[in-house]
Amino acid sequence: MADAAGRLTKLAEEVLGTPLPVRIRAWDRSESGPPGAPVLVIRHRRALRRLLFKPGELGLARGWVAGDLDIEGDLYEALDLLAGLLWERAATTKAPRAAALRALARPELRAAARELLALAGAPVPPTPPAEEVRRRRGPLHTLRRDKEAISHHYDVGNDFYALVLGPSMVYSCAYWESPDASLEDAQRDKLDLICRKLALKEGQRLLDVGCGWGSMVLHAAREYGVRAVGITLSEEQATFARKRIAEAGLADRIEIRVQDYREIKDEPFDAISSIGMAEHVGRDRYAEYASALYALLRRGGRLLNHQIARRPLADEETYRVDDFIDRYVFPDGELAPVGRTVAQLEEAGFEVRDVEGIREHYALTLRQWVANLEKHWDEAARLTSPGRARVWRLYMAASALSFERNRIGVNQVLAVRTPDSGTSGVRLRERSWG
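Remember, predicted model here, so these are calculated numbers, not experimental data.

What counts as what
Residues numbered from 1 in each chain as written. Predicted model: local features only at pLDDT ≥ 70, side-chain atom pairs only at ≥ 80, totals over all residues. Heavy atoms only, no water. 1 Å grid on protein atoms, 1.4 Å probe; cavity = no way out; pocket = protein on both sides within 12 Å on 5 of 7 lines; lining within 4 Å. Points joined across faces, edges and corners; volume = space filled by probe spheres on them. Nonpolar A, V, L, I, M, F, W, Y, C, P; charged D, E, K, R; others polar. Pairing = 2+ DSSP bridges. Helix = DSSP H or I, 4+ residues; strand = E, 2+ residues; numbered from the N terminus. Right-handed = clockwise from strand over helix to strand, strands pointing away. Contact = heavy atoms within 4.5 Å. Polar contact = N/O pair within 3.5 Å; in protein donor to acceptor, adjacent residues only side chain to side chain. Phe/Tyr/Trp six-rings, centres within 6.5 Å; stacked < 30°, edge-to-face > 60°. Buried < 20%, exposed > 50% of the residue type's maximum accessible area, 1.4 Å probe, protein only. Lys NZ or Arg CZ within 6 Å of the ring centre and 35° of its normal.

### Comments concerning the layout of surface pockets
Stage number 1. What the second largest pocket holds in volume is close to 270 Å³.
Stage number 2. Lining the second largest pocket, in full, are R136, L140, R145, R283, D284, Y319, R320, V321, D326, D332, G333 and E334.
Stage number 3. Class assignment of the residues belonging to the lining of the second largest pocket gives a composition of three nonpolar, one polar and eight charged.

Now the structure itself:
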């Protein structure tokens, strides 16, 4: 099996129809590809079997999580080179990004397919990594299924998240005055910006939907004097948040609940923040989500909806969640174009007053999280598993590039439950958020 790397490079270029932009190092220590380029390390032939049995993104993801595949050199450069190749193919064909591997079924590539089979070895499907969510059953976004999905992503250990997120314990896009600011300052500035957009005042009642580890409600209660309710479906987040609140001496003003937004019955609230939570709602439930939040607000109350968005498609019915994200990161998560989000908020009765796109801010945030993870790699792997740490490193680095390349974005949408009188309470020049 000499020169496996050279044979794989030739196969890849034959299938892709273009030179491979990265170098390959195979399990037999052979290397091939452009000198000085990032190296795709194929540690075991099992990685090829994963691709043969699950062509495309899921096969690659399983190889990465299991440690069969790795990148040596600049991870961002490698992902950018590979993603650029795949995205270019997707833009010029109707096939999905995994078309290159499925192309092996074409008659003219049968010899290449036989070569790949020979390199892969025993034709036995490898067991998926333990970190993968198995195939789920039943309707999407029921109360039970949503709780299970949230638990998969967030109940991986508060100590692990502390290593990645830093002292702020905020798991959403920060707001950077400059790229040289600290992550903690940028997260504080984001929380304060939201409080100012909501025009919070002492004595008001705030609901934070998807409160995470309690950072938003802590900031709002401490700096603006509100009474706050934070809800999450993660038991570990709730335990951590309650401890932080007690230590801050704010237990009499902040309540943390393990509760779904559909279960809240003690309205009205003066303001609602939903920061990085709506991505879990799903398009079939989004109208229900928007209507529920509208009903929970008093007349004149404000909603700040902070949400990741994808680019719109010519045919929205073709939208599918990436296999890697669905199986390893955010089970059942879905993204929508910002225009659809705004429309559904308006359909629920809201008046949308401001939309601010901050996608570059998320790229900066994600790069900081990746740096934190890499700095504490051994401890992070010990606290969860090596596979789980690899999931987080790949998804955060790839997401940073997606924000930088405008493949996805993130937006803060300010909406008001404007009363029949038309008095929104928004000042004529509110954009300064003074």
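### So, the pairing of strand β7 (residues 254-258)
Stage number 1. In this structure, strand β6 (residues 227-232) lies alongside β7, joined through five bridges in parallel fashion. Paired with V229 across the strands is E255, a residue of β7.
Stage number 2. Read from β6 through helix α11 (residues 235-247) to β7, the crossover connection turns out right-handed.

### Regarding the environment of Y289
Stage number 1. The residue Y289 is located in helix α12 (residues 286-296) in this model.
Stage number 2. Taking C-alpha positions, Y289 is 7.7 Å from R262, a pair spaced 27 residues apart along the chain.
Stage number 3. In this structure, Y289 is in contact with Y261, S274, M277, A278, V281 and N305, ignoring residues within four places of it in sequence.
Stage number 4. A polar atom in the side chain of Y289 sits 2.7 Å from the side chain of S274.

### Quick word on the packing of aromatic side chains
Describing an aromatic ring pair means giving the distance of the ring centres and the angle of the ring planes.
Stage number 1. Per the counting criterion, the structure on display carries 15 aromatic pairs.
Stage number 2. A centroid spacing of 6.4 Å and a plane angle of 75° characterise the contact between Y161 and W392, whose relative ring orientation is edge-to-face. Taken together, the residues span a long stretch of sequence, with Y161 in helix α8 (residues 158-165) and W392 in helix α17 (residues 386-404) at a distance of 231 residues. Across the pair, W392 and Y161 agree in class, each one buried.
Stage number 3. With a relative accessible area of 0%, W392 lands in the buried category.
Stage number 4. Over the aromatic face of Y319 sits the side chain of R310, whose NZ or CZ is 3.9 Å from the ring centroid.
Stage number 5. For the cation-ring pair, R367 lies above Y76, with the distance from its terminal atom to the ring centre recorded as 3.9 Å.

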